[in-house]
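Okay, here's what each chain looks like letter by letter:
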Amino acid sequence: MISAGKRVSTGSVFLVLSIGLPLSMLIAISSGIADIDTIGAIKALGDFILGDGGNQASVIIGKIRLPRVILAAVVGAVLAMSGAAMQGLFRNPLADPSLIGVTAGASLGASIAIVASGSTLSGLLGVSLVSLGAFVGGLLAVIVVFRLATSASGTSVATMLLAGIAITALAGAVTNMLEFYADNAMLRRISLWRMGGLDGANYQRVMVACTIGGVVLVALPRYAAALNALLLGESEARYLGIDLHRVKSGLIVIVAVGVGTSVALAGTIGFVGLVVPHIMRMLIGPDHRALLPASALAGALLLVLADTVARVALAPTELPVGVVTALVGVPFFISLLRQRGHYGMQ
Amino acid sequence: MSVITLSNVSAAPWGPALLQDIDFSLDAGEILGIIGPNGAGKSSLLHLMAGGIDPTHGEITLLGNPLSSWPADERARAMAMLPQQSTLNFPYRVDEVIQLGRNPHASGANTDRSILQELMELTDTLQMADRLYTQLSGGEKQRVQLARVLAQVWRKEDAPGRLLLLDEPSNGLDLAHQKLVLGLIRDLATTGCAVALVVHDFNLLADIADRVIVLDQGKQVQLGDSEKVFTPATFENVFGVKVHIGRHPVSGKPLVVQL
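Residues numbered from 1 in each chain as written. Chains lettered and ligands numbered in written order. Predicted model: local features only at pLDDT ≥ 70, side-chain atom pairs only at ≥ 80, totals over all residues.

With that settled, the discussion passes to the overall build of chain B. Helices and strands together make up the secondary structure of chain B, namely 9 helices and 12 strands. A compact globule built from 259 residues should have a C-alpha radius of gyration of about 18 Å, and chain B, at 18 Å, falls within 12% of that. Dimensions of chain B, computed from the C-alpha atoms along their principal axes, are close to 50 × 45 × 35 Å. Looking at chain B as a whole, 46% of its 259 residues qualify as buried. Sequence-distant contacts in chain B: of pairs separated by 6 or more residues, those separated by 24 or more amount to 67%. (Helix = DSSP H or I, 4+ residues; strand = E, 2+ residues; numbered from the N terminus. Rg over C-alpha atoms; globule rule 2.2 N^0.38 Å. Buried ≥ 20, exposed ≤ 12 C-beta atoms within 10 Å, placed from the backbone. Contact = placed C-beta atoms within 7 Å.)

Printed below as a string of structure tokens:
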């Protein structure tokens, strides 16, 4: 474990991550049921990009694995960076985007979409409808939580956490009620969707993820200096010239959009937003100017690898990626909790 | 030149009036001491001057312009505030915490680094620059936070006028470091920065403050130099204690001894 005060140099962390991410993506596209080795995968990828992708390998790589890997990378990056921003905003290293109700609201929205569409909708339209439901649900939940926590004197972070818990409980209860009325096929879809999965990846989804994810990944680092000041405390940040209301509402909206979109495209994937910023903070410290981009890179790396494991571990059956991230994330997180004294977290 | 002026200001952020009819003006280079019993509104007065609490009556002007009309970032270049308690529990290194005081300024990395170096030497925090803030003792944390707010208003050329607000800056400090910090505050004042501070040690305050304001139940009951304010009657009426006012053997300033 890392001893007190000792950090790894920021440069070396970025170096490792920026080599590791392409490498993990390469491993990901060359792993799967169809046996294609790394050289073959690179060649097939080249064929696909150059447009002469008629052979079987380049179809598998280009049309099936590549969009999935890109989606995993973008979703992982968005979740991890959003987590880092939320932890800074709430001044709580254990905060997670799901704390402010996004995940539960998105779940509810998706469940409503699944139950309402019933068996009439299937295929791409059905998937899109579920995604839309998740996105709208997540955004609505955050707006309600934000409204509840905002009074004339500003936005109370503590109230917001409590309102997040309340909305999460309410959304969970309504989702359970829906499950009560759902038939077996719907139930299975709801529970599969909830476990998280990137198996619906295609270039339409990649386009959506890259557009919205790109905006989120560019917008959040603009708040780095404000987040750094916020760690001192709210009144300290105000006296350092931070416009608290603008910063809080800006961060909340960006995170809601980012996480809502991620949940819509890939279901609920836990622990990436919690564990990745935590590890990065341990390595390079809490300065958000480095922490936000490092978390994004590491989140992308983690989710690409986790999804690869999810695909190949029980092949030909796929594990939901949320199960993999939870199985890896929870023990790691517990070990972090036990050792928090070692890196100055109280 | 007046840095901050409060004209008949009252504040009631949570309903009941916290401060009533506060009326004074603070000049560049002047040190104002704020005293009063617990709950008298000393910290509220600092937050009011810092713009964290809005006045319900009266007007506050900072460098000639209404305080409320100052954009947050410009205000932060002219004024820094050290609150009583710090809630920082993230593992920043000591130098990173102090560096945050330069956040409002766009003075460049080189200038910031030299200010940082100077202040870490002056506040005796240089040897702990690499340590984590969360692992420091109370007095060490206090010096780091002090260095942070000093860094914010340290340079004369950063703002047309400067104001430093300190809520119990000597809290948790040993005698040597108290002396160090008071010297620093005095040095800062001689460069033209106005200072308002809450301190519970009257003798320390008599030593450093040009003027003293006495608050009682949110009202300004006295304002003047320590010679005028520190009388047995004031302490009897406001604090409910009997004191003897002597003379400091070296500085000749009033010396308060509780009987």
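Here the narrative resumes.
Along the backbone of chain A there are 14 helices and 2 strands. By the compact-globule yardstick of 20 Å for 346 residues, chain A fits well, its C-alpha radius of gyration being 20 Å. When the backbone C-alpha atoms are referred to their principal axes, chain A occupies close to 65 × 50 × 35 Å. Among the 346 residues that make up chain A, the fraction classed as buried is 52%. Across chain A, contacts joining residues at least 24 apart in sequence account for 77% of those joining residues at least 6 apart.

Attention now goes to the environment of A:Arg194. Residue and element names in this part refer to chain A. Within the secondary structure, Arg194 is located in helix α7 (residues 184–195). Residue Arg194 is classed as partly exposed on the basis of its 19 C-beta neighbours within 10 Å. Residues within four places of Arg194 in sequence aside, it is in contact with Ser107, Gly267 and Thr268.

Moving on, we get to helix α3 (residues 56–89) of chain A. All names here are of chain A. With 34 residues, α3 ought to run about 50 Å at 1.5 Å a step, and its terminal C-alpha atoms sit 48 Å apart, in line with that. Of all bends in α3, the biggest is about 40°, found at Arg65, and the proline Pro67 comes one to four residues later. Of all 34 residues that make up α3, 29 are buried, and the element is covered over most of its length. Immediately beyond the C-terminal end of α3, within one or two residues, lies Arg91, with a positive phi of roughly 50°. (Expected span 1.5 Å × (residues − 1). Bend = angle between axes of the 7 residues up to and from the residue.)

Attention now moves to unusual backbone geometry. Peptide bonds are, in most cases, trans, and in most cases residues other than glycine have a negative phi. A positive phi angle, near 50°, is found at B:Asp21, a position not held by glycine. One can find B:Asp21 in strand β2 (residues 19–27).

The subject of this paragraph is helix α4 (residues 109–122) of chain B. Across its 14 residues, α4(B) extends 20 Å between first and last C-alpha, which sits within 8% of the 20 Å expected from 1.5 Å per residue. On its buried side, α4(B) packs onto α3 (94–99), α5 (138–153) and α6 (175–190) of chain B.

Turning our attention to the packing of α5(B) against α6(B). Residue and element names in this part refer to chain B. The N-to-C vectors of α5 and α6 enclose an angle of 10°; their axes lie 12 Å apart at closest approach. The angle between α5 and α6 places the two elements in the roughly parallel class. Facing α5, whose interface residues are Gly139, Arg143, Leu146 and Leu150, α6 presents His177, Val181, Leu184 and Leu188. Considered class by class, the residues forming the contact of α5 with α6 number 5 nonpolar, 2 polar and 1 charged. (Axes fitted to C-alpha atoms, helices over the stretch in contact; angles between N-to-C directions. Parallel < 35°, antiparallel > 145°, perpendicular 65-115°, else oblique. Nonpolar A, V, L, I, M, F, W, Y, C, P; charged D, E, K, R; others polar.)

Buried accessible area, meaning the area lost when the parts come together, often serves as the stated size of an interface. Residue-level contacts link 24 residues of chain A with 26 residues of chain B. Taken together, the elements giving at least two residues each to the side of chain A that touches chain B come down to α9 (224–230) and α10 (234–239) of chain A. A total of 4 residues in the side of chain A that touches chain B trace back to one element, the largest contributor, which is α10(A). Of the residues in the side of chain A that touches chain B, the class split is 12 nonpolar, 8 polar and 4 charged.

This part covers the nonpolar core. The biggest cluster of nonpolar side chains holds 190 residues, and the ones touching the most others in it are A:Leu71, A:Val75, A:Ala85 and B:Val195. Not counting residues within four places of it along the chain, the set of residues in contact with A:Val75 comprises A:Ala209, A:Ser262, A:Leu265, A:Ala266, A:Ile269 and A:Leu303. (Core = buried A, V, L, I, M, F, W, Y, C linked by C-beta atoms within 7 Å.)

Moving on to the packing of helix α4 (residues 102–117) of chain A against helix α11 (residues 244–266) of chain A. All names here are of chain A. One can describe the packing of α4 onto α11 by two numbers: an axis separation of 10 Å at closest approach and a directional angle of 45°. Compared by their axis directions, α4 and α11 come out oblique. Pair α4 / α11 crosses with right-handed handedness. Along its contact with α4, which presents Val102, Thr103 and Ala106, the element α11 presents Ala256, Val259, Gly260, Val263 and Ala264. (Left-handed = near helix turned anticlockwise from the far one by under 90°.)

So, about the pairing of strand β1 (residues 2–11) of chain B. All names here are of chain B. With 6 bridges connecting them, β1 and β2 associate as antiparallel partners. Residue pairing across strands places Leu6 opposite Phe24, the latter belonging to β2. As judged from the 5 bridges shared by β1 and strand β4 (residues 57–62), these two strands associate in the antiparallel manner. Across the sheet, the residue bridging to Ser7 is Glu59, located in β4. (Pairing = 2+ DSSP bridges.)

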